[in-house]
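Architecture and fold: a report
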Amino acid sequence: MKLKYLPPSLVFQLLFMGRDYPAGEALFKERLRHAFRKNMHVSDPNEIRKLIARGNYMARELQALYHVRKYRAMKSRYYNND
């Protein structure tokens with residue numbers, strides 16, 4: 001797949017995942033926009049691949065965060081801490 005198609009799909013994936021961000025969707029969008037604008041000037045293909053890999057890593061970390069949050073909610077419902 002060409003490099004120019006990867007960042008937009010990564011942005012859409014992260015925006016979709018940001019809906020459930022604990023600090024709010026607006027803050028997540030602001031941080032995401034800042035991160036992509038900061039690296040907008042990069043034109044080296046190897047550097048772009050590294051940035052895309054970092055974005056994919058962040059998506060996996062968000063997914064892990066959501067799984068932990070769901071696990072904690074389920075644990076608090078079913079196990080009594082008394």
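Residues numbered from 1 in each chain as written. Predicted model: local features only at pLDDT ≥ 70, side-chain atom pairs only at ≥ 80, totals over all residues. Heavy atoms only, no water.

Per an unreviewed UniProt entry, the recorded name for the protein chain is Complex 1 LYR protein domain-containing protein, and the organism is Eptatretus burgeri. UniProt's Sequence similarities (unreviewed entry) comment on the protein chain is quoted here verbatim: "Belongs to the complex I LYR family." (UniProt positions renumbered as here; feature names shortened; annotations may be inferred.)

Right, let's talk about the packing of aromatic side chains for a bit. Throughout the structure, instances matching the rule amount to one aromatic pair. On the numbers, 5.2 Å between centres and 45 degrees between planes, the contact of Tyr-21 with Phe-28 is tilted. (Phe/Tyr/Trp six-rings, centres within 6.5 Å; stacked < 30°, edge-to-face > 60°.)

Time to look at the packing of helix α1 (residues 6–17) against helix α2 (residues 25–38). Between α1 and α2, whose axes approach to 11 Å, the crossing angle comes to 160 degrees. In terms of orientation, α1 and α2 fall into the roughly antiparallel class. Note that α1 runs across α2; the crossing there is right-handed. Counted together, Pro-7, Leu-10, Val-11, Leu-14 and Leu-15 of α1 and Phe-28, Lys-29, Leu-32 and Phe-36 of α2 form the full contact between these two elements. Here the contact of α1 with α2 is composed, by residue class, of eight nonpolar, no polar and one charged. (Axes fitted to C-alpha atoms, helices over the stretch in contact; angles between N-to-C directions. Helix = DSSP H or I, 4+ residues; strand = E, 2+ residues; numbered from the N terminus. Parallel < 35°, antiparallel > 145°, perpendicular 65-115°, else oblique. Left-handed = near helix turned anticlockwise from the far one by under 90°. Contact = heavy atoms within 4.5 Å. Nonpolar A, V, L, I, M, F, W, Y, C, P; charged D, E, K, R; others polar.)

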